[in-house]
Amino acid sequence: MKKKLLIIALVAATAMGCNKAANNHGIAPSAEATLAASDVMPEGAAGKSTARPFKGSLTYNLNTSLGLPCNCGSLIPLGDFEGAGTVTHMGLLKAKNKTCVAPIIVSGNYVGNRITVECASFVAANGDQIFCNIPPYDLYFTAQGVATGTLEAEFTGGTGRFVNATGSFTGTMTVPLSNTNTAVLSNINGTIGY
């Protein structure tokens, strides 16, 4: 009887949480209810997916023929970039995004760029895509003649087997100042569920 009441309470709480118009008065399931739910619901229930390692690297090049339908707004558009590389659970893949920038000025010195990425996705060899949200991040110029920084990305679904992709990763972005039409995303480290 307790399990039936718990299931009914969890279903009601979930329905209230998913209904944006509902006012739940700040009531959230307790930690005990969340733990008990894992005992009641078997693995894989309710669209759960298993998180898998997501690691690898890619090299991006400017591709003026991509024509991605994204808007940089008030930022400076650098252009559409197409990448190729290898990541776990996708193997060889392609990637694409529109890169937008705003200069970083410190004490009157141009020290780097704030990068905003629009329309970011990975494309597997069979055409399945993973969509990414990449919050703005900074690339700072170094004495070694590169701009470098760390980006964070979140998977926001996709197509084919990645339609419900979730997870996130971090990576190191490096752009040689001698060739700003090329960028390397290395040290990709995160997880993906699909």
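Everything here concerns the structure above.
As the structure is a computational prediction, the values presented were derived from the model and not from experiment. (Residues numbered from 1 in each chain as written. Predicted model: local features only at pLDDT ≥ 70, side-chain atom pairs only at ≥ 80, totals over all residues. Heavy atoms only, no water.)

Q: Can you help me understand the overall build of the protein chain in this one?
A: Looking only at helices and strands, the protein chain has two helices and nine strands in total. Counting across all 194 residues of the protein chain, residues that qualify as buried make up 33%. Excluding contacts between residues fewer than 6 apart, the proportion of contacts in the protein chain whose partners are at least 24 apart in sequence is 54%. Only carbon and sulfur atoms are counted for the fraction: they give 58% of the accessible area of the protein chain, which is about 11300 Å². (Helix = DSSP H or I, 4+ residues; strand = E, 2+ residues; numbered from the N terminus. Buried < 20%, exposed > 50% of the residue type's maximum accessible area, 1.4 Å probe, protein only. Contact = heavy atoms within 4.5 Å. Areas by Shrake-Rupley, 256 points an atom, 1.4 Å probe, with all protein chains shown as cover.)

Q: So what exactly am I meant to see when it comes to the state of the cysteines here?
A: Between two cysteines, a covalent bond joining their sulfur atoms is known as a disulfide. Taken as a whole and assessed by the stated rule, the structure comprises two disulfides. Residue pairing for cysteine 70: its cysteine sulfur links by disulfide to cysteine 119, the two sulfurs lying 1.3 Å apart. Residue cysteine 70 is located in the loop between strand 1 (51–62) and strand 2 (76–87), and its partner cysteine 119 is located in strand 4 (residues 109–124); the two are separated by 49 residues in the primary sequence. Exposure remark for cysteine 70: the relative accessible area of 17% places this residue in the buried category. One disulfide in the model links cysteine 72 with cysteine 100; its S-S distance is 1.9 Å. Around the S-S axis, the bridge from cysteine 72 to cysteine 100 shows a dihedral of about -70° and counts as left-handed. (Disulfide = S-S within 2.5 Å.)

Q: In this structure, what is going on with the nonpolar core? I would like to understand it.
A: Across soluble globular proteins, nonpolar side chains have a tendency to be buried as a group. Membership of the largest hydrophobic core comes to 32 residues, with the highest contact counts inside it found for Phe54, Leu58, Tyr60, Met90, Phe122, Phe155 and Phe169. The dominant element in this core, judged by the number of residues it contributes, is strand 4, at five residues. What phenylalanine 169 contacts, discounting residues up to four positions off in sequence, is Phe54, Phe122, Leu151, Glu152, Ala153, Phe155, Leu185, Ile188, Asn189 and Gly190. (Core = buried A, V, L, I, M, F, W, Y, C linked by side-chain atoms within 4.5 Å.)

Q: Hey, could you run me through the pattern of salt bridges in this one?
A: Pairing is possible between side chains that carry opposite charge, provided their charged atoms lie close to one another. With the rule as written, the count across this model stands at two salt bridges. Notably, a salt bridge pairs lysine 98 with aspartate 80, separated by 2.8 Å at the nearest N-O pair. Residue lysine 98 is found in strand 3 (residues 91–106), and its partner aspartate 80 is found in strand 2; the two are separated by 18 residues along the sequence. As far as the burial class goes, lysine 98 and aspartate 80 line up, both buried. Arginine 114 is paired through a salt bridge with aspartate 138; the nearest N and O atoms lie 2.6 Å apart. (Salt bridge = Lys/Arg side-chain N within 4 Å of Asp/Glu carboxyl O.)

Q: Can you help me understand the pairing of strand 9 (residues 182–193) in this one?
A: A regular strand places its side chains on the two faces of the sheet in alternate fashion. Both strand 1 and strand 9 contribute to a ladder of ten bridges, which runs antiparallel. Note that in strand 9 the partner of proline 53 across the bridge is threonine 191. As consecutive antiparallel partners, strand 8 (residues 166–176) and strand 9 are separated by five residues. (Pairing = 2+ DSSP bridges.)

Q: Mind showing me how you'd approach the environment of tyrosine 140 here?
A: Mapped onto the fold, tyrosine 140 is located in strand 6 (residues 137–141). Looking at tyrosine 140, the relative accessible area reads 39%, which means it is partly exposed. A sequence separation of 28 residues divides tyrosine 140 from glycine 112, and the C-alpha atoms of the two residues are 4.2 Å apart. Beyond its immediate chain neighbours, meaning those up to four positions away, tyrosine 140 contacts Ile104, Val111, Gly112, Val146, Ala147 and Thr148.

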